[in-house]
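# Chains, contacts and geometry: an overview
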Amino acid sequence: MLLWALVVLVLLFSSLDVWYYLRMVALLIRAWWLSPVFDVTGEQTLGGRVVFHDIDLCHMNNARYLRECDFARVSLYARNGVLKTMRALGATMVAGATTIRYRRPLCIGEAFELRSRIVTWDEKAFYLEQRFVSCKDGMVAAIMFCKQSVIRSSPDKILQHLCQRKVEVPEFPEELQHWINFMTASSQALKAESGVEDKKRDKTPTTNMAKTKELSKDTRDKIVDLHKTGKDYGAIAKQLGEKRSTVGAIIRKWKKLNMPVNLPRTGAPRKISPRGVSMILRKVRNHPRTTREELVNDLKRAGTTVSKVTVGNTLRRHSLKSCMARKVPLLKSAHVQARLKFAHDLWMIRRSHGRKFC
């Protein structure tokens, strides 16, 4: 029995990084008992010491820095609530890019502090800064930037769910912006090298349509001619390499309009979707004193950016016009006459008794 246990342990340790998972579990338990970090961009410090399995040539191995940063990030997310919020939203997070600069080595037995904080974020990822600070002299031994890409959600949604309000995005530091520009340039160069941009350009439609590919007039006429010969939709689609639904739509349009081409659109598309129109109409009918600026802000929170003029035009199309509340004077004419009469009567009474006004 003992022999089998030893064999299982040997296989387990040879096939998995067992110490990594054990330390991760211990780190999460420790973060559970520590006080939470209520400031999302607040700094968290995690202590450590260089031990024998961390070193090569008596100083900390380069790869160990990245491993320690992994543990520090998980601890940070566990304490500031981001990890719990991601689980609630069904989101995950992966390292999209890292860059690290080594300033001086951490030697065997040397204690250090790993200080981690969220610097800023964009629509796809969080950007973190992590510093290795020596406890011996307080020098920053290494500094790393990490891009944590969010999958199946976004940083804005995570923070809004966590803080129950819209969180302002901090400004990007200059050195971080340089690194992001480098990644963008590198990505464009790799796409150009692999021909991805050329393939996208070839697939881009040459017509004025923005979302779908417009078939040429020759292709449409060919579909109609093949239909006239008695072929069904499936045979036409297979012969021309088009979708069966596309062939059916063109033939139905030909039967209805006696022409296979698209008719010109009557005008520009509406900037506000039907759902957005229903939302602002419902709010105006429930709260007649709602201003156009409030409606613009409501639509912006829903993802539609329009001007107050557009909102006013939409309301007028539904027989709702904006107006200003009539200014009512503080005193009506009847009140003015009553007060004048009172003052005149008082003046007459005092005059009859020989009194004078002060």
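Residues numbered from 1 in each chain as written. Predicted model: local features only at pLDDT ≥ 70, side-chain atom pairs only at ≥ 80, totals over all residues. Heavy atoms only, no water.

### Examining the overall build of the protein chain
Secondary structure summary: the protein chain contains 14 helices and seven strands in total. Residues classed as buried in the protein chain amount to 29% of the 358 residues present. Look at the contacts in the protein chain between residues 6 or more apart in sequence, and 65% of them connect residues 24 or more apart. Only carbon and sulfur atoms are counted for the fraction: they give 57% of the accessible area of the protein chain, which is about 25,800 Å². (Helix = DSSP H or I, 4+ residues; strand = E, 2+ residues; numbered from the N terminus. Buried < 20%, exposed > 50% of the residue type's maximum accessible area, 1.4 Å probe, protein only. Contact = heavy atoms within 4.5 Å. Areas by Shrake-Rupley, 256 points an atom, 1.4 Å probe, with all protein chains shown as cover.)

### Focus: unusual backbone geometry
Here the phi dihedral of Arg152 falls at roughly 65°; this positive angle occurs in a residue that is not glycine. Within the secondary structure layout, Arg152 lies in the loop between strand 7 (140-151) and helix 5 (155-163).

### With respect to the layout of surface pockets
Rolled over the atoms, a probe sized like a water molecule indicates the empty space that remains. Quantified by volume, the largest pocket comes out at close to 610 Å³. In this structure, the largest pocket is lined by 24 residues; those nearest its centre are Ala78, Arg79, Asn80, Gly81 and Lys84. For the lining of the largest pocket, the elements supplying multiple residues, two or more each, are helix 2 (18-33), helix 3 (62-80), helix 4 (82-89) and helix 5. By residue class, the composition of the lining of the largest pocket is 14 nonpolar, four polar and six charged. (1 Å grid on protein atoms, 1.4 Å probe; cavity = no way out; pocket = protein on both sides within 12 Å on 5 of 7 lines; lining within 4 Å. Points joined across faces, edges and corners; volume = space filled by probe spheres on them. Nonpolar A, V, L, I, M, F, W, Y, C, P; charged D, E, K, R; others polar.)

### Some points on empty space enclosed by the protein
Applying the stated criterion across every chain yields a total of one cavity of 30 Å³ or more. Here the largest cavity defines a volume of roughly 30 Å³. For the largest cavity, the full set of lining residues is Trp121, Asp156, Leu159, Gln160, Arg165, Lys166 and Val167. With three residues, the top contributor of residues to the lining of the largest cavity is helix 5. Here the lining of the largest cavity is composed, by residue class, of three nonpolar, one polar and three charged.

### Things to note about the packing of helix 8 (residues 217-228) against helix 10 (residues 244-257)
Running from N to C, helix 8 and helix 10 point in directions that differ by 80°, and their axes come no closer than 10 Å. By the criterion of interaxial angle, the relationship of helix 8 to helix 10 is roughly perpendicular. Across the interface between the two elements, Arg220, Ile223, Val224, His227 and Lys228 from helix 8 touch Val247, Ile250, Ile251, Trp254 and Lys255 from helix 10. (Axes fitted to C-alpha atoms, helices over the stretch in contact; angles between N-to-C directions. Parallel < 35°, antiparallel > 145°, perpendicular 65-115°, else oblique.)

### Regarding the packing of helix 8 against helix 9 (residues 233-240)
At a closest axis distance of 10 Å, the pairing of helix 8 and helix 9 adopts a crossing angle of 140°. By the criterion of interaxial angle, the relationship of helix 8 to helix 9 is oblique. The element helix 8 and its partner helix 9 pack so that their crossing is right-handed. Where helix 8 abuts helix 9, its residues Lys222, Ile223, Leu226 and His227 lie against Tyr233, Ile236, Gln239 and Leu240. Class assignment for the residues of the contact of helix 8 with helix 9 results in five nonpolar, two polar and one charged. (Left-handed = near helix turned anticlockwise from the far one by under 90°.)

### Remarks on the confidence of the model for the protein chain
Looking at the protein chain, pLDDT values average 84 and 90% of them are 70 or higher. Here helix 7 (residues 196-203) stands out as the least confident element of the protein chain, with mean pLDDT 56; strand 6 (residues 125-134) is the most confident, with 96. This stretch, residues 206-211, has a pLDDT under 50; its non-local contacts, to residues over four places away or in other chains, come to two contacts. (pLDDT = per-residue confidence, 0-100.)

### Quick notes on the environment of Trp254
Of note, Trp254 is situated in helix 10. Separated by 33 residues in the primary sequence, Trp254 and Asp221 have C-alpha atoms spaced 9.6 Å apart.

### Quick look at the side chain of Thr85
Among the structural elements, Thr85 can be located in helix 4. Apart from residues no more than four positions distant in its own chain, Thr85 is found in contact with Ile158, His161 and Leu162.

### Regarding the pattern of salt bridges
All chains considered together, the criterion is met by 13 salt bridges. The salt bridge involving Asp298 is made with Lys283; its shortest N-O contact spans 2.5 Å. A residue pair is termed long-range when its members are at least 10 positions apart, and Asp298 in helix 12 (residues 292-301) and Lys283 in helix 11 (residues 274-286) qualify at 15 residues. A residue is classified by how much of its surface remains accessible, and Lys283, at 27% relative accessible area, is partly exposed. (Salt bridge = Lys/Arg side-chain N within 4 Å of Asp/Glu carboxyl O.)

### What to know about the sheet that holds strand 6
What the five strands build is an open sheet, ordered 1-5-6-7-4; its pairing is antiparallel. Unpaired on one side and paired on the other, strand 1 (44-49) and strand 4 (92-102) mark the two borders of the sheet. The mean angle between the axes of side-by-side strands here comes to 25°, regardless of whether they run parallel or antiparallel. When strand 6 meets strand 7, the two strands line up antiparallel, connected through nine bridges. Paired with Gln130 across the two strands is Met144, which belongs to strand 7. Packed onto the sheet, helix 3 meets strand 1, strand 4, strand 5 (111-121), strand 6 and strand 7 and runs at close to 60° relative to strand 5. (Pairing = 2+ DSSP bridges.)

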